[in-house]
Amino acid sequence: ELQLRNPLVDRSDMLRFQSLVTGKVLYEGQVVDYLRCFQAKVKLIKNDRGGVRMAYVTPQTRMVFRTVSARFMIFIQFSREMWQFLEDGTLYYERGLQYFLTDLFRKWGENGTKHLVTLVLFSRFVYTEEEHLQIEGVSWHPDLRFWYKDYYKVVADNVQASLLSSRTDPRALMGRHTYALHGNILEAINLALNSFERRHDSRDTLRISPKIVVVTPSAGVFDVGKSLLRLTTQRLIDANLRVDVVCLAPKPLHRAPVFRF
């Protein structure tokens, strides 16, 4: 595992760096300079039997590059499960916000990272035939066959993780939360992709490529529209980005996430 401090590093540089150190011995804590372009610090070395202090690099060696200055967009899905209890007596809400995010930001601080975080809450409300006539912006979902409206709330925008704090914004809304199964996870991902589409025109010289993280109380199964799923997949491929989905529910017996249509 290598730690990078220079943000302007792409995949071609990583491949050239790996070919440069192939056939050499690296030790833990060593700082390797690559053509005076960037420096990589050896943070961790592991083999099949566990951690070691030094190792010989071969073409089969797997290298993991991690940065200390990235831009994260973390989406938290607020669905009906958020106020339900887990087997250990904690709420999904508590596991997501008070445990996962707190531990994540603490580990970032211990590792000396300088990530910028944009925190967005998203949810979907469903309405009856009578309720949707009283609210503007309600749409009909042709695949799931219900009236709905999506809500998004930006809690923090490009804030250093160590400066984030909890906030409350009580507000009464008509309608009911959907389950995470019928949530607007793909819409939230596309919302993040909208802000990253033209990142090459005005590149951030202090942060590497953005990262998208979605925290959901589901077990990783979502009912989505086929056309929207194809569009989201194509946009992620075009932008050369990936999405990390963090599921708060117990681990299922199948591979996750699963998008059904």
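Residues numbered from 1 in each chain as written. Predicted model: local features only at pLDDT ≥ 70, side-chain atom pairs only at ≥ 80, totals over all residues. Heavy atoms only, no water.

K.L.:
So, the side chain of D150: which residues are in play, and what are the values?
P.N.:
Along the chain, D150 falls in strand β12 (residues 146-160). Within the structure, D150 has its side chain in polar contact with the side chain of R124 (distance 2.7 Å). Discounting residues that sit within four places of it in the chain, D150 has contacts with S123, R124, N184 and E187. (Helix = DSSP H or I, 4+ residues; strand = E, 2+ residues; numbered from the N terminus. Polar contact = N/O pair within 3.5 Å; in protein donor to acceptor, adjacent residues only side chain to side chain. Contact = heavy atoms within 4.5 Å.)

K.L.:
Kindly report on a nonpolar patch on the surface, identifying the contributing residues and their values.
P.N.:
On the surface, V25, Y27, M54 and Y56 cluster together into a nonpolar patch covering about 450 Å² of accessible area. Put simply, the parts of the chain that give the nonpolar patch at least two residues each are β2 (25-27) and β7 (54-56). The residue V25 is located in strand β2 in this model. The partly exposed category is assigned to V25, whose relative accessible area is 47%. (Patch = residues over 30% accessible without salt bridge, like charges linked within 9 Å, V, L, I, M, F, W, Y side chains within 5 Å. Areas by Shrake-Rupley, 256 points an atom, 1.4 Å probe, with all protein chains shown as cover. Salt bridge = Lys/Arg side-chain N within 4 Å of Asp/Glu carboxyl O. Buried < 20%, exposed > 50% of the residue type's maximum accessible area, 1.4 Å probe, protein only.)

K.L.:
Give a description of the sheet that holds strand β4 (residues 38-42) that names residues and reports values.
P.N.:
Taken in spatial order, the 4 strands line up as β3-β4-β1-β8 in an open sheet, and their pairing is mixed. The open sheet has two free edges, formed respectively by β3 (31-34) and β8 (65-67), since each of these has just one partner strand. The mean angle between the axes of side-by-side strands here comes to 30°, regardless of whether they run parallel or antiparallel. With 4 bridges joining them, β3 and β4 adopt antiparallel strand pairing. Directly across from D33, in β4, lies its bridge partner Q39. This element, helix α1 (residues 11-21), spans β1 (2-4), β3, β4 and β8 of the sheet and lies at about 115° to β3. (Pairing = 2+ DSSP bridges. Axes fitted to C-alpha atoms, helices over the stretch in contact; angles between N-to-C directions.)

K.L.:
Now, about the pattern of salt bridges: what can you tell me, with residues and values included?
P.N.:
For the structure on display, the rule yields 9 salt bridges. A salt bridge links D150 to R124; the shortest N-O distance between them is 2.7 Å. Residue D150 is found in strand β12, and its partner R124 is found in strand β10 (residues 116-127); the two are separated by 26 residues along the sequence. Overall, R124 belongs to the buried group, its relative accessible area being 2%. Salt-bridge contacts for R242 lead to D244; the nearest nitrogen and oxygen are separated by 3.5 Å. Exposure remark for R242: the relative accessible area of 61% places this residue in the exposed category. Here the residues in one salt-bridge network are D103, R106 and E110, joined through shared partners.

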